[in-house]
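# Overview (structure and organization)
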Amino acid sequence: MRRFARLCISVIGVMPVAYAVAADQPPLRLFGNVGYFYSLSEADGGGHTESTQLTGALNASGYFWQPWFATGDAGVTISASNATSGSSQSKVKLLSTRANFDLLPASRYPFRMGYTSSDNVIDWINTGQQHLIELGEDYRSRYFTARQALISTGGDRADIWYSKRSWDSDLGELSSDQTLGLKYRWRAQRHNFYLSGSYQERDSSVLDGQSKNSLLAFTHNYFPSSAFYIKTLADGMRIDNSLPQSNGSFRASSVSDVNQVASHFFWRPEYRPFTMTGATRLQRRWESSPVVSVEQTIFSANLAANVQISRRTRVTATGQVTSLDTTVNNSLATTQSLTGLYQSDRHLFRDFSYYWYADGGIGNRLAAEYEDTTSTQNLNAGIGHNGSRAWNTSNRSTFRVNLAQTARETWVNSGFDSPTINHTASLAWNESLREGSSYAQFSALDSRSVDGNTYTQLMTTQFSRNMPIDRMSSWGGNLSMQNSRRHTATYSNKRFLTTLTGRLSYQHGRLFGIYRLKFNTKLDVSSTANRDGGDRRQAEWESRATYVVGMLNTALVVRLVESGSGLGSRVVVFQVNRSF
């Protein structure tokens with residue numbers, strides 16, 4: 001009895017110590033997955049490809065001392081694939097790792113550091129009838145980054161980061177780069193300021209060259225009220241490349257500078273019948289090399305104003321100017337336009353809704369290049385009307401009809417085009433019931449010039465049906481047919497070209513009564529007419545079965561494709577993935 005009491009006292013005394021030791025251990029969460037992938041592809045004519053892939057991943061995450069103090073996560077991924085196609089075989093092995101560390105992540109001065117690596121081994125073997133070719137290569141990449149942020153109590157933020165990346169193979173180092181960046185954000189009551197910049201140095205061992213790139217960008221947003229907003233952007237980029245000449249006797253440097261300033265604004269005063277938007281942009285590009293030296297300046301500006309004269313009348317005015325100045329060419333182009341639109345109220349005639357509208361516009365374009373100046377004026381006007389009506393054929397069924405006509409005339413530099421008249425009509429019916437939903441639509445378009453030199457005719461028919469079979473399964477189908485023909489001065493097709501597409505699908509949520517065994521299949525058919533004669537026909541059938549139990553996920557996919565030319569293909573894909 002005394003031994004039992006002393007044992008109990010010893011256990012009771014050890015428990016706090018054990019609890020304290022366990023509490024000092026950082027919490028750790030492990031998770032990952034393993035998977036297998038198989039694919040078989042066959043094509044008529046002898047094509048055959050078979051591939052397998054094994055994958056595995058292990059990840060860990062946790063925190064040190066307290067979650068607010070430091071967190072970290074790391075992971076490793078392994079992949080091995082094998083593909084065989086004809087007389088060639090390829091093997092790819094991939095090993096990638098990652099690690100991230102965050103210090104004081106929820107504070108106003110968080111620090112983050114990350115590292116990733118990838119090792120890729122590729123083996124390729126060609127067992128031809130005459131020669132045996134075997135190639136192998138090992139590629140490696142490394143990437144390290146560190147970022148420090150400072151956040152003020154008002155929400156302003158500054159970030160500075162450094163990154164280093166390298167690529168190498170069995171032949172040695174291919175290339176590497178180092179980047180130093182800075183980003184700053186300042187928010188005021190009616191202003192936002194953004195500043196970012198980066199500097200990068202890159203070495204390429206393959207070309208034996210170096211590159212130095214720098215970027216600086218500044219953005220300012222100003223919004224004194226909800227009706228006015230202006231955004232201004234200024235940035236500059238410099239690229240300095242140094243490469244050896246073909247004979248390797250000396251090195252040549254090329255420098256490229258791109259600088260631009262752009263601004264955009266909109267003004268939408270409340271309770272006023274007008275709005276205004278505009279933008280301007282100035283860009284300068286300069287490039288210098290031993291072969292050529294190029295300097296280019298581009299300026300563009302545009303302004304648009306929209307005035308709502310009345311509830312039915314609207315007028316829009318636009319203006320644009322573009323200037324291009326280079327070492328060999330100078331050009332200037334200006335465009336002005338004024339358009340108006342009038343739309344009547346909707347009128348009801350025995351449940352038939354009708355309205356009409358008219359629009360028109362004038363435009364002018366002036367283009368100057370060298371000593372040549374061209375001027376183009378245009379005038380266009382159009383009128384149209386539209387009528388529609390909808391009937392409720394049942395409690396959950398609707399039938400709709402729509403008819404429209406438009407006429408348009410265009411005048412360019414004292415020459416009139418033949419007026420164009422468009423006729424459009426559409427009929428649509430939809431029904432939504434517990435037994436399923438259906439939709440059908442027919443639309444037609446006839447557009448032609450009065451002189452008959454050009455015309456376009458288009459007819460489209462659509463039908464779809466979705467219907468549940470029981471609580472776990474359903475089927476659906478849709479069919480679309482389009483007939484078109486067109487005649488212009490350069491193209492003529494007097495016979496109708498028909499394009500037909502259709503799909504029939506079936507879904508089951510519990511196949512053979514097995515819980516979470518889902519199955520769906522679909523059959524797609526298409527036929528497209530060619531104006532030169534002959535139709536292109538194709539049929540594709542795909543079935544997919546998926547089974548999910550806990551953390552186990554499997555899928556089987558079978559796809560068959562047949563074309564009217566007699567060439568087809570068959571694909572079988574199987575994959576299984578287990579998470580933990």
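Computed from a predicted structure; not experimentally measured.

For the rest of this paragraph, the subject is the overall build of the protein. Scanning the protein for helices and strands turns up 1 helix and 30 strands. In terms of C-alpha radius of gyration, the protein reaches 35 Å, well past the compact-globule figure of 25 Å for 580 residues. Projected onto its principal axes, the C-alpha coordinates of the protein cover approximately 110 × 75 × 70 Å. Residues classed as buried in the protein amount to 20% of the 580 residues present. Contacts in the protein between residues at least 24 apart in sequence constitute 45% of all its contacts with a sequence separation of at least 6. In the form shown here, the protein has an accessible surface area of approximately 37,300 Å², with 59% of it arising from carbon and sulfur atoms. One way to put it: in the protein the 59 positive side-chain charges average out to a point 11 Å from where the 46 negative ones average out.

It is worth spelling out the confidence of the model for the protein at this point. In this model, the protein carries an average pLDDT of 87, and 90% of its residues clear a pLDDT of 70 or more. Here residues 1-24 scores under 50 on pLDDT; set against residues more than four positions off or in separate chains, the count is 0 contacts. Throughout residues 246-250 the model reports pLDDT below 50, and contacts reaching past four residues in sequence, or to other chains, amount to 2 contacts.

Centre distance and the angle of the planes are the two values used to describe a pair of aromatic rings. On inspection of all chains with the given rule, the structure shows 13 aromatic pairs. Seen from their ring centres, W65 and F69 are 5.4 Å apart, and the 70° between their planes marks the pair as edge-to-face. Judged by its relative accessible area of 29%, F69 falls in the partly exposed class. Where W186 meets F193, the ring centres are 4.8 Å apart and the plane angle is 15°; that geometry is what we call stacked. Classification of W186 by relative accessible area gives partly exposed; the value is 37%. A cation sits over an aromatic face here: R29 above F31, 4.3 Å from the ring centre.

The next subject is the pairing of strand β8 (residues 172-187). Here strand β7 (residues 157-169) runs beside β8; their pairing, made up of 13 bridges, is antiparallel. Paired with S163 across the strands is T179, a residue of β8. The loop that links β7 with its antiparallel partner β8 comprises 2 residues. Connecting β8 to the next strand, strand β9 (residues 191-204), in antiparallel fashion are 3 residues.

This paragraph deals with the pattern of salt bridges. Enumeration according to the criterion identifies 22 salt bridges in this entry. Residue D351 is joined to R389 by a salt bridge in which the shortest nitrogen-to-oxygen separation is 3.6 Å. Remark: R389 occurs in strand β19 (residues 372-394) and D351 occurs in the loop between β17 (347-349) and β18 (352-369); sequence separation between them is 38 residues. Classification of D351 by relative accessible area gives exposed; the value is 55%. Among the residues examined, R389 registers a relative accessible area of 22% and is labelled partly exposed.

On to unusual backbone geometry. Backbone phi values are negative for most residues with the exception of glycine, while trans is the configuration of most peptide bonds. Positive phi values are uncommon outside glycine, yet L104 reaches one of about 50°. Relative to the helices and strands, L104 is located in the loop between β4 (88-103) and β5 (111-127). Phi is positive for R516, which is not a glycine, with a value near 65°. Mapped onto the fold, R516 is located in the loop between β26 (492-508) and β27 (517-529). Judged by relative accessible area, which is 39%, R516 ranks as partly exposed.

It is worth spelling out the side chain of E542 at this point. Within the secondary structure layout, E542 lies in strand β28 (residues 535-549). A residue is classified by how much of its surface remains accessible, and E542, at 12% relative accessible area, is buried. Here the side chain of E542 touches R559 through a polar contact of 2.9 Å, side chain to side chain. Setting aside residues up to four positions removed in sequence, E542 forms contacts with N520, T521, K522, V557, V558 and R559.

On to the environment of L28. Tracing the backbone through its elements, the reader meets L28 in strand β1 (residues 28-43). Of the residues examined, L28 reaches a relative accessible area of 62% and is grouped as exposed. Sequence separation between L28 and F64 is 36 residues, and the spatial gap between their C-alpha atoms is 9.5 Å. Beyond its immediate chain neighbours, meaning those up to four positions away, L28 contacts A60 and S61.

Our next topic: the environment of G236. Position of G236 relative to the elements: it lies in strand β11 (residues 228-244). Taking relative accessible area as the criterion, G236 reaches 17% and is therefore assigned buried. Residues G236 and D102, 134 residues apart in the sequence, show an inter-C-alpha distance of 32 Å.

Reading guide: rules and limits
- Residues numbered from 1 in each chain as written.
- Predicted model: local features only at pLDDT ≥ 70, side-chain atom pairs only at ≥ 80, totals over all residues.
- Heavy atoms only, no water.
- Helix = DSSP H or I, 4+ residues; strand = E, 2+ residues; numbered from the N terminus.
- Rg over C-alpha atoms; globule rule 2.2 N^0.38 Å.
- Buried < 20%, exposed > 50% of the residue type's maximum accessible area, 1.4 Å probe, protein only.
- Contact = heavy atoms within 4.5 Å.
- Areas by Shrake-Rupley, 256 points an atom, 1.4 Å probe, with all protein chains shown as cover.
- Lys, Arg positive; Asp, Glu negative; His and termini not counted.
- Charge placed at Lys NZ, Arg CZ, Asp CG, Glu CD.
- pLDDT = per-residue confidence, 0-100.
- Phe/Tyr/Trp six-rings, centres within 6.5 Å; stacked < 30°, edge-to-face > 60°.
- Lys NZ or Arg CZ within 6 Å of the ring centre and 35° of its normal.
- Pairing = 2+ DSSP bridges.
- Salt bridge = Lys/Arg side-chain N within 4 Å of Asp/Glu carboxyl O.
- Polar contact = N/O pair within 3.5 Å; in protein donor to acceptor, adjacent residues only side chain to side chain.

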